[in-house]
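Now for the letters of each chain:
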Amino acid sequence: MRAPLPAAPVPIPGAGPSAGAARGTGGAMAGIKALISLSFGGAVGLMFLMLGCALPQYNQYWPLFVLFFYILSPIPYCIARRLVDDTDATSNACKELAIFLTTGIVVSAFGLPIVFARAELIYWGACALVLTGNTVIFATILGFFLVFGSNDDFSWQQW
């Protein structure tokens, strides 16, 4: 004769969807995957920028000036986050000013290659490659702040 089946499944210790989170490795693996994805996005964006500069038909390195914008773009928001207390639910003038300055830096990064192309310092094909690289790099920077910007257990301050 067969034994009757149990009414409810018996939980196995260490198995299941929350097993990794219980040991503390699930959140870290998600963070490492996000970090690898973001670094891949940054590499792809820089590849487009370098292609716009170094391809033999373009061979002009003026578009590398957008690297300054890549470095400057997160600085206002990082400073505002250090100075502002996030417990207030209303809008804060310091944070709004930081977002405004960041927006100006990003728009300038998109405008500079267009100005270079209009002044015939670079070709329009190089301008298109640099604009593609700008889109990828700024999406990567935004993704970094969305993934690591929260004040929970896993943040960018650990790195």
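You'll find the structure just up there.
Residues numbered from 1 in each chain as written. Predicted model: local features only at pLDDT ≥ 70, side-chain atom pairs only at ≥ 80, totals over all residues. Heavy atoms only, no water.

Caption draft 1: Main features of the overall build of the protein chain. A count of helices and strands for the protein chain gives six helices and zero strands. Secondary structure elements in the protein chain, listed N-terminal to C-terminal, are α-α-α-α-α-α. Here the protein chain, with 159 residues, has 28% of them falling under the buried criterion. A separation threshold of at least 6 residues defines the contact pool for the protein chain, and within that pool the share at least 24 residues apart is 65%. Summed over all atoms, the accessible surface of the protein chain reaches about 10800 Å², with 70% contributed by carbon and sulfur. (Helix = DSSP H or I, 4+ residues; strand = E, 2+ residues; numbered from the N terminus. Buried < 20%, exposed > 50% of the residue type's maximum accessible area, 1.4 Å probe, protein only. Contact = heavy atoms within 4.5 Å. Areas by Shrake-Rupley, 256 points an atom, 1.4 Å probe, with all protein chains shown as cover.)

Caption draft 2: Highlighting the side chain of threonine 140. In this structure, threonine 140 sits in helix α6 (residues 124-148). Setting aside residues up to four positions removed in sequence, threonine 140 forms contacts with Leu38, Gly41 and Gly42.

Caption draft 3: Inspection of the environment of isoleucine 99 at higher detail. Position of isoleucine 99 relative to the elements: it lies in helix α5 (residues 93-118). Residues isoleucine 99 and serine 73 lie 26 residues apart in sequence; the distance between their C-alpha atoms is 9.7 Å.

Caption draft 4: Expanded view of unusual backbone geometry. Residue asparagine 59 is not a glycine yet carries a positive backbone phi of 50°. On the secondary structure map, asparagine 59 appears in the loop between α2 (26-54) and α3 (66-72). Relative accessible area serves as the criterion here: at 45%, asparagine 59 is assigned to the partly exposed category. The phi dihedral of glutamate 120 falls on the positive side, at around 60°, and the residue is not glycine. Mapped onto the secondary structure, glutamate 120 falls in the loop between α5 and α6.

Caption draft 5: Seen up close, the packing of helix α4 (residues 75-83) against α5. Two numbers describe how α4 lies on α5: the axes approach to 8 Å, and their chain directions differ by 170°. Comparing their axes, α5 and α4 come out roughly antiparallel. In this structure, α4 contributes Pro76, Tyr77 and Ala80 to the contact, and α5 contributes Cys94, Lys95, Ala98, Ile99, Leu101, Thr102 and Ile105. Grouping the constituent residues of the contact of α4 with α5 by class yields eight nonpolar, one polar and one charged. (Axes fitted to C-alpha atoms, helices over the stretch in contact; angles between N-to-C directions. Parallel < 35°, antiparallel > 145°, perpendicular 65-115°, else oblique. Nonpolar A, V, L, I, M, F, W, Y, C, P; charged D, E, K, R; others polar.)

Caption draft 6: Highlighting a nonpolar patch on the surface. There is a patch of nonpolar side chains on the surface, built from Trp62, Phe65, Phe68, Ile71, Leu72, Ile75, Ile79, Leu83 and Leu121 and spanning about 880 Å² of accessible area. Where the nonpolar patch is concerned, the elements lending two or more residues are α3 and α4. One can find leucine 72 in helix α3. By relative accessible area, leucine 72 is classed as partly exposed at 41%. (Patch = residues over 30% accessible without salt bridge, like charges linked within 9 Å, V, L, I, M, F, W, Y side chains within 5 Å. Salt bridge = Lys/Arg side-chain N within 4 Å of Asp/Glu carboxyl O.)

Caption draft 7: Representation of α4 within the structure. Among the residues of α4, those classed as buried are Pro76, Ala80 and Arg81. Relative to the axis of α4, the buried residues are bounded by an arc of 130° and lie together on one face. (Arc of directions from axis to C-beta.)

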